[in-house]
Amino acid sequence: MDKKKRVPRTGWVYNKVKEPESVSDHMYRMAVMSLTITDPTVDKDRCIKLALVHDMAESIVGDIAPSDNVSKEEKHRREKVSKTQKGNLFFMGGEYEFQSSSEARLVKQFDLLEMILQAHEYEELEGTPGRLQEFFDSTAGRFQHQDVLQLISSLDEERGHHMAEEESKNEAQRGGSEKLNTPPRDS
């Protein structure tokens, strides 16, 4: 498991994010998200455990991103081999992988939420609102749980505000440069 602290999330590396989060960082924040569940029908402890083990195989097979063009079947095969090698540590991996419980489906939504929350944070740190839009686009229509939808709504509102501010700033700069380049009118 110590390797997970040093395995950077591939999507961020491919997008040239400086100092990208590790797989452990990602799993930890998902576990913390699991602590915030207000739905009494959800087993919060099970969600925390699923969040902490869902990417364990990546310490062996690496963080395979969609842009790596590895089929879902091949990714599952590689992870299954690594899970077999590591035994009981991966007992919940199948539940998450096959989305066979309501907790696994909720934790998958946390997986996606954590990704776009991190994308937003990187955009803010870089001062580049909208640069990582592909991550947001990849989650469209994939959220159903009320707790997650509330968080998505807040994130969308904040992100929209930041993008509008950036656009307004860009328009002001373009307007200012146009005035500088406009020859004076003859009277």
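In short, a report on the structure. (Residues numbered from 1 in each chain as written. Predicted model: local features only at pLDDT ≥ 70, side-chain atom pairs only at ≥ 80, totals over all residues. Heavy atoms only, no water.)

## Notes on the side chain of Glu21
Move 1: Within the element layout of this structure, Glu21 appears in the loop between helix H1 (10–14) and helix H2 (23–35).
Move 2: Among the polar contacts made by the side chain of Glu21, one reaches the side chain of Trp12 at a distance of 3.0 Å.
Move 3: Discounting chain neighbours no more than four positions away, the residues touching Glu21 are Val7, Pro8, Arg9, Trp12, His26, Glu114, Gln118 and Tyr122. (Helix = DSSP H or I, 4+ residues; strand = E, 2+ residues; numbered from the N terminus. Polar contact = N/O pair within 3.5 Å; in protein donor to acceptor, adjacent residues only side chain to side chain. Contact = heavy atoms within 4.5 Å.)

## Section: the nonpolar core
Move 1: In terms of nonpolar packing, the biggest core is built from 29 residues, with Trp12, Phe110, Leu113 and Ile116 touching the most fellow members.
Move 2: Among the elements of the structure, H2, helix H3 (44–53), helix H7 (102–126), helix H8 (133–137) and helix H9 (146–181) are those that each provide at least two residues to this core.
Move 3: Broken down by element, this core gets its largest block of residues, 10 residues, from H7.
Move 4: Residue contacts for Phe110: discarding those within four places in its chain leaves Met30, Met33, Ser34, Ile37 and Val148. (Core = buried A, V, L, I, M, F, W, Y, C linked by side-chain atoms within 4.5 Å. Buried < 20%, exposed > 50% of the residue type's maximum accessible area, 1.4 Å probe, protein only.)

## Things to note about the pattern of salt bridges
Move 1: One pass over the structure, following the stated rule, counts nine salt bridges.
Move 2: The salt bridge partner of Arg46 is Glu95, with a shortest N-O separation of 2.4 Å. In this pair, Arg46 sits in helix H3 while Glu95 sits in helix H6 (residues 93–97), placing the two residues 49 residues apart along the sequence.
Move 3: Overall, the relative accessible area of 30% leaves Arg46 in the partly exposed class.
Move 4: Here Glu95 falls in the buried class, since its relative accessible area comes to 12%.
Move 5: Here Lys169 ties to Glu166 by a salt bridge, and the two come within 3.4 Å at their closest N and O atoms. Pair noted here: Lys169 and Glu166 are both in helix H9, with a separation of three residues, about one helical turn.
Move 6: Residue Lys169 is classed as partly exposed on the basis of its relative accessible area, which comes to 47%. (Salt bridge = Lys/Arg side-chain N within 4 Å of Asp/Glu carboxyl O.)

Everything listed here is a matter of geometry and, on its own, says nothing about what the molecule does.
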